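Working through the structure, step by step
What follows is each chain in one-letter form.
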Amino acid sequence: MFSSDDTIVAIATPPGRGGIGVVRLSGPAAHGIATSLAGAATFQPRHATLTILRRAGRAIDQAVVTYFPAPHSYTGEDVVELSAHGSPVVLDAIVGASVAAGARLANPGEFTFRAYLHGRIDLVQAEAVRDLVDAVTPLQARVAFDQLEGTLTAKLCELDATLLDIIAPLEASLDFPEEGYHFVSAAGTARSLDAAIADLDTLLADARRGRIIREGITVAIVGRPNAGKSSLFNRLAGAARAIVTAVPGTTRDLVTERVDVGGVPLTLIDTAGIRETPGDAIEEEGIARARQARDAADVTIVVLDRSQPLTADDRGPVESSSSRPRIVVASKCDLPAAWDAEEAGARPVSSLTDEGIDGLRAALLEAAGVEPSRDRAAIANVRHAALLEQARDSLVRAASAAAEGVPEEFVLADLHDARAKFDEVTGVRPHDEVLRTIFERFCIGK
Ligand SMILES: Nc1nc2c(ncn2[C@@H]2O[C@H](COP(=O)(O)OP(=O)(O)OP(=O)(O)O)[C@@H](O)[C@H]2O)c(=O)[nH]1
Ligand SMILES: [Mg+2]
């Protein structure tokens, strides 16, 4: 995919201006290029050296040069970091001088790819680097950092060791083909496999939570006209985004806003009030969109006005959302109650006084399946989840084959398939296509 015997260069800090900007070189010529730019004989490993970088004798900038000899560097190759003043003009000039001295411009993700290629990190960790750089909430950053620390890889190693323990006696009994299942009973194998499947299930159960942390969830706010949906939306969004009036049927279009709730990015959607007999064609279209938003959302908030008696128009939103994650709120709880919220299983909230709003935020995370206090490594990556599902299928096949006393080689074939999927997650057996899609999504300089 990428060639890796040359020396690459890129600006490692974000585009724009800053106090400092870093240009990174990696490859066999990194040290030589840096010394030629600095007019120095050599740089001491891992020492910050203040020097002046020049191109064709003309000074570009003063910079701090740090040399990390292979293999103790980010990429596992010789790496030099040049910290100069953070001006795009200066940094471009340093990159240009490096290229003139023999470096090549790095492709997106190429530094991390080299780290992977030289065994400094596995594929899960490489993906974690990208997720960490891309994180927009503190929780996303923490989950990514857990993966960078190798939490998922460690779990997969444990599972793999369990599989090897099951495989070894099966392989051994293959050497005695006449009788079958020599060193282990078929039922015992099936039992061990069931335990391994249960372990994998725990890991997969976390995958949904991981996806939510990474990608966030959509929350649709629905209810009859004038129930207080837009007011609640604005309160949760922390800004007066949607129009609020005393006129029923104020909201027509869907209004969306991204908010961070407990580290999870939420896309809130305010919708038109749903009623059976819309006033006009515009309201009718608004209601159709409200229904679509409700059906597509991960969680629905159904708003019932507690200050008014319930009507037939309240029943629709309650009933249509009952089979999916949803929260029923009793709005305007600062006003005298027309019905009993507790009896109706609704959480009292007031967008005016803020009562019940914090509790609602926590309930949203719970309804989405993210408990904010849980502190486990999560599979945040669709690629990982898909591969582990496939591994699970193979294990289930192997377990039922063993339980039926099917000859060992068939059980073994499925077990080897499952291990191959584990290897694919960590990148022991990568496909070029997979590598390309993973590293393409990096930015240059990472
Ligand atoms: N006292 C009080 N009034 C509220 C509260 N929430 C909303 N209201 C009032 O109820 C009326 C309707 O509020 P909206 O937020 O526009 O209701 P909606 O459900 O978006 O209405 P539509 O967009 O027409 O479907 C407005 O007059 C709000 O001021 C609340 O918590 N307390
Ligand atoms: Mg509204």
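Located above this text is the structure these notes cover.
Residues numbered from 1 in each chain as written. Chains lettered and ligands numbered in written order. Predicted model: local features only at pLDDT ≥ 70, side-chain atom pairs only at ≥ 80, totals over all residues. Heavy atoms only, no water.

1. Quick word on the coordination of the magnesium ion (ligand 2)
Distances from the magnesium ion (ligand 2) to its protein donors, Ser-230 (OG) and Thr-251 (OG1), fall within 2.0 Å. Taken together, the residues Ser-230 in helix 8 (residues 229-237) and Thr-251 in the loop between helix 8 and strand 8 (255-261) connect sequence positions 21 residues apart. (Donors = N, O, S within 2.8 Å, 3.2 Å for Na, K, Ca; no water. Helix = DSSP H or I, 4+ residues; strand = E, 2+ residues; numbered from the N terminus.)

2. Overview of the sheet that holds strand 6 (residues 104-105)
Ordered by their spatial adjacency, six strands build an open sheet running 3-4-5-2-1-6, and the pairing between neighbours is mixed. Two strands bound the open sheet, and with one partner strand each, they are strand 3 (49-55) and strand 6. Where helix 1 (residues 30-38) meets the sheet, it contacts strand 2 (18-26), strand 3, strand 4 (58-68) and strand 5 (79-86), and its direction lies at approximately 80° from that of strand 3. Of the strands in this sheet, strand 1 (8-11), strand 2 and strand 6 are in contact with helix 3 (residues 110-117), which crosses strand 1 at around 135°. (Pairing = 2+ DSSP bridges. Contact = heavy atoms within 4.5 Å. Axes fitted to C-alpha atoms, helices over the stretch in contact; angles between N-to-C directions.)

3. Remarks on the packing of aromatic side chains
Centre-to-centre distance and the angle between the planes together describe a pair of aromatic rings. Counted according to the given criterion, the structure contains one aromatic pair. Relative to Tyr-116, the ring of Phe-113 lies with its centre 6.2 Å away and its plane at 50°, an arrangement referred to as tilted. With Phe-113 and Tyr-116 both in helix 3, this residue pair falls three residues apart, about one helical turn. Residue classification places Tyr-116 among the buried residues on the basis of a relative accessible area of 11%. Lying over the aromatic face of Phe-111, Arg-24 brings its terminal NZ or CZ to 4.6 Å of the ring centre. (Phe/Tyr/Trp six-rings, centres within 6.5 Å; stacked < 30°, edge-to-face > 60°. Buried < 20%, exposed > 50% of the residue type's maximum accessible area, 1.4 Å probe, protein only. Lys NZ or Arg CZ within 6 Å of the ring centre and 35° of its normal.)

4. Comments concerning helix 6 (residues 151-174)
With 24 residues, helix 6 ought to run about 34 Å at 1.5 Å a step, and its terminal C-alpha atoms sit 35 Å apart, in line with that. Buried residues of helix 6: Leu-152, Thr-153, Leu-156, Leu-159, Asp-160, Leu-163, Ile-166, Ile-167, Leu-170 and Ser-173, and no others. (Expected span 1.5 Å × (residues − 1).)

5. What about the site of ligand 1?
Taken together, 22 residues are adjacent to ligand 1, and Lys-229, Ser-230, Ser-231, Gly-249 and Thr-250 come closest. Interatomic distance of 3.1 Å between a backbone N/O atom of Ala-227 and an oxygen atom of ligand 1. Starting from 650 Å² of accessible surface for ligand 1 in isolation, the protein chains cover 87%. Split into classes, the residues belonging to the shell around ligand 1 amount to eight nonpolar, eleven polar and three charged. (Near = heavy atom within 4 Å. Polar contact = N/O pair within 3.5 Å; in protein donor to acceptor, adjacent residues only side chain to side chain. Areas by Shrake-Rupley, 256 points an atom, 1.4 Å probe, with all protein chains shown as cover. Nonpolar A, V, L, I, M, F, W, Y, C, P; charged D, E, K, R; others polar.)

6. Here we look at the nonpolar core
Of all hydrophobic cores here, the largest spans 32 residues; its most connected members are Val-219, Leu-232, Leu-266, Ile-301, Val-329 and Leu-360. Take this core: its biggest share by element is six residues, from helix 12 (residues 357-368). In contact with Leu-360, not counting residues within four places along its chain, are Leu-232, Leu-236, Ile-301, Ile-327, Val-329, Arg-347 and Val-349. Among the nonpolar cores identified, the runner-up in size contains 29 residues, and Val-124, Ala-190, Ile-197 and Val-425 belong to it. (Core = buried A, V, L, I, M, F, W, Y, C linked by side-chain atoms within 4.5 Å.)

7. Side note on the packing of helix 13 (residues 382-403) against helix 14 (residues 408-426)
Where helix 13 meets helix 14, the axes come as close as 8 Å, and the angle between the chain directions of the two elements is 165°. On the basis of their axis angle, the class for helix 13 and helix 14 is roughly antiparallel. Between helix 13 and helix 14 the crossing geometry is left-handed. Facing helix 13, whose interface residues are Arg-383, His-384, Leu-387, Leu-388, Gln-390, Ala-391, Ser-394, Leu-395, Arg-397, Ala-398, Ala-401 and Ala-402, helix 14 presents Val-411, Asp-414, Leu-415, Asp-417, Ala-418, Lys-421, Phe-422, Glu-424 and Val-425. Split by residue class, the contact of helix 13 with helix 14 holds twelve nonpolar, three polar and six charged. (Parallel < 35°, antiparallel > 145°, perpendicular 65-115°, else oblique. Left-handed = near helix turned anticlockwise from the far one by under 90°.)

8. Here's the deal with unusual backbone geometry
Trans is the common state for peptide bonds, and a negative phi is the common state for residues other than glycine. Residue Pro-71 is bonded to the preceding Ala-70 through a cis peptide linkage, with omega at 0°. For Asn-226, which is not glycine, the phi dihedral falls at a positive 70°. By secondary structure assignment, the location of Asn-226 is in the loop between strand 7 (217-223) and helix 8. According to the relative accessible area criterion, Asn-226 is partly exposed, its value standing at 29%. If you check the backbone angles, Lys-332 has positive phi at about 55° while not being a glycine. Position of Lys-332 among the secondary structure elements: in the loop between strand 11 (326-331) and helix 11 (341-344).

9. Some thoughts on the pairing of strand 8
Two strands pair when backbone bridges link them, and strand 8 and strand 9 (residues 264-270) are joined in this way by seven bridges, in the antiparallel orientation. Paired with Thr-256 across the strands is Ile-269, a residue of strand 9. The turn linking strand 8 back onto strand 9 is made up of two residues, and Gly-262 within it adopts a positive phi angle of 55°.

10. Some remarks on the side chain of Asp-122
As for its placement among the helices and strands, Asp-122 is situated in the loop between helix 3 and helix 4 (123-134). The buried charged residue Asp-122 lacks any salt bridge, with Arg-383 as its nearest oppositely charged partner at 7.8 Å. At 3.1 Å, the side chain of Asp-122 and the backbone nitrogen of Val-124 are in polar contact. Here Asp-122 is in contact with Tyr-116, Thr-153 and Thr-426, once residues within four sequence places are set aside. (Lys, Arg positive; Asp, Glu negative; His and termini not counted. Salt bridge = Lys/Arg side-chain N within 4 Å of Asp/Glu carboxyl O.)

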